[in-house]
Amino acid sequence: MTPRLCPSILSCDPSDFLTPIREMKAGGADLIHLDVMDGSFVPPITFGADLAGSLVRQGLGPVEAHLMIVEPERHLASFVQAGCRRVVFHAEATAHSHRLIQTLKESGVEAGLAINPGTPIDAILAVAGDLDLALVMTVNPGWGGQRLIESCVEKVRALRHACPDLPIQVDGGVDDRTIGALWQAGATDFVAGSHLLRRPS
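Residues numbered from 1 in each chain as written. Predicted model: local features only at pLDDT ≥ 70, side-chain atom pairs only at ≥ 80, totals over all residues. Heavy atoms only, no water.

> For this particular structure, what's the right way to read the overall build of the protein?
Scanning the protein from N- to C-terminus turns up 8 helices and 8 strands. Taking 201 residues into account, the globule formula puts the C-alpha radius of gyration at 17 Å, and the protein, at 15 Å, falls close to it. Across its three principal directions, the C-alpha atoms of the protein cover 40 × 35 × 30 Å. Within the span of the protein, comprising 201 residues, buried residues form 51% of the whole. Considering only intrachain contacts with a sequence separation of at least 6, the fraction spanning at least 24 residues in the protein is 62%. Carbon and sulfur atoms make up 51% of the accessible area of the protein, which totals about 9,100 Å². Across the protein, the centroid of the 16 positively charged side chains sits 3 Å from that of the 23 negatively charged ones. (Helix = DSSP H or I, 4+ residues; strand = E, 2+ residues; numbered from the N terminus. Rg over C-alpha atoms; globule rule 2.2 N^0.38 Å. Buried < 20%, exposed > 50% of the residue type's maximum accessible area, 1.4 Å probe, protein only. Contact = heavy atoms within 4.5 Å. Areas by Shrake-Rupley, 256 points an atom, 1.4 Å probe, with all protein chains shown as cover. Lys, Arg positive; Asp, Glu negative; His and termini not counted. Charge placed at Lys NZ, Arg CZ, Asp CG, Glu CD.)

Dropping the structure here:
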């Protein structure tokens, strides 16, 4: 599989998302990754479908929404209508992963399922045949700039062994030191944020 870079805007200055996003696109970003947080599933609150729609209208897509929210089923339609190419929700946030995956696919949007570091890959394996992508969180979700949890590399490896053809995204602690091991373990889609925004001194 071809590796894809999906830079996150979580660590960007909220007063000016456009400048770094344009730089990310010019640098070859495959998708712009929006970390959508509701203050309940994770403590921070970030942004919603309005921002996704604005980026799409300005030609800064494709955009994927990573929903770190409770009751994701209440918000899928707004991200679909915003023009997101892919919507990823958390297995821990719903009892109805299969139904939500089908809802997204019927809407013409790629469906992704995410798991936190403490969640076994079984949550993905149960619906793997219907997924367009699995997201393995390699840090505990909520904040940018965290160090990769090394045990998550083996989780990626186990998932790749079980699902040879499934795109696997990793999110958290992805940088020039860790990306090689994650790629070798079987990751295909790489979310990076704070590392990309560091400026040379």
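Structure's up, so let's keep going.
> Help me understand the side chain of Thr-188 in this model?
As for its position among the elements, Thr-188 is in the loop between α7 (179-185) and β8 (189-191). Reaching out from Thr-188, the side chain makes a polar contact with the side chain of Asp-189 at a distance of 2.9 Å. Beyond its immediate stretch of four places on either side in the chain, Thr-188 contacts Met-1, Thr-2, Pro-3, Arg-4, Arg-160, Pro-167, Ile-168 and Trp-183. (Polar contact = N/O pair within 3.5 Å; in protein donor to acceptor, adjacent residues only side chain to side chain.)

> Explain the environment of Leu-10 to me, please; I cannot follow it from the model alone.
As for its position among the elements, Leu-10 is in the loop between β1 (4-5) and α1 (18-26). Along the primary structure Leu-10 and Leu-55 are separated by 45 residues, whereas in three dimensions their C-alpha atoms are 15 Å apart.

> Can you help me understand the sheet that holds strand β3 (residues 63-68) in this one?
Two strands in a sheet stick together by hydrogen bonds in their backbones, pointing the same way (parallel) or opposite ways (antiparallel). Here we have 8 strands laid out as an open sheet, ordered β1-β8-β7-β6-β5-β4-β3-β2, and parallel in their pairing. The open sheet has two free edges, formed respectively by β1 and β2 (32-37), since each of these has just one partner strand. Summarising the sheet, β1 and β8 pair through 2 bridges and their orientation is parallel. Along β8, the bridge assignment pairs Leu-5 with Phe-190. Where helix α6 (residues 151-162) meets the sheet, it contacts β5 (110-115), β6 (133-137) and β7 (168-171), and its direction lies at approximately 160 degrees from that of β6. (Pairing = 2+ DSSP bridges. Axes fitted to C-alpha atoms, helices over the stretch in contact; angles between N-to-C directions.)

> Just checking my understanding: could you explain the nonpolar core for this structure?
Nonpolar side chains tend toward joint burial in soluble globular proteins. Membership of the largest hydrophobic core comes to 54 residues, with the highest contact counts inside it found for Ile-9, Ile-32 and Leu-34. Ranked by the residues each element gives to this core, the list is headed by helix α2 (residues 49-57), at 4 residues. Formed by 6 residues, the second largest nonpolar core is a distinct cluster that contains Leu-133, Leu-135, Met-137 and Val-139. (Core = buried A, V, L, I, M, F, W, Y, C linked by side-chain atoms within 4.5 Å.)

> Even after reading the chapter, I still don't get the state of the cysteines, so can you show me in this structure?
Here a disulfide denotes one covalent bond, and it connects the sulfur atoms of two cysteines. For the coordinates displayed, the defined rule picks out 0 disulfides. Cys-6 forms no disulfide, and the closest cysteine sulfur to it belongs to Cys-84, at a distance of 13 Å. We note that Cys-152 lacks a disulfide partner, and the nearest cysteine sulfur, in Cys-163, lies 17 Å from it. Since its relative accessible area comes to 1%, Cys-152 is described here as buried. (Disulfide = S-S within 2.5 Å.)

> It is not clear to me how the side chain of Arg-160 should be interpreted in this structure. Could you clarify?
With respect to the secondary-structure elements, Arg-160 resides in helix α6. Sequence-distant contacts of Arg-160, that is, excluding residues within four places in its chain, are made with Met-1, Asp-165, Leu-166, Pro-167, Ile-168, Ala-185, Gly-186 and Thr-188.

> Explain the packing of aromatic side chains here, please?
Applying the stated criterion across every chain, the model contains 2 aromatic pairs. Aromatic pair Phe-17 and Phe-47: ring centres 5.7 Å apart, planes at 90 degrees, arrangement edge-to-face. In this pair, Phe-17 is assigned in the loop between β1 and α1 and Phe-47 in the loop between β2 and α2, connecting sequence segments 30 residues apart. A relative accessible area of 17% places Phe-47 in the buried class. Ring centres 6.5 Å apart and planes at 50 degrees place the aromatic pair Trp-183 and Phe-190 in the tilted group. When its relative accessible area of 38% is taken as the criterion, Trp-183 is described as partly exposed. The buried category is assigned to Phe-190, whose relative accessible area is 4%. (Phe/Tyr/Trp six-rings, centres within 6.5 Å; stacked < 30°, edge-to-face > 60°.)

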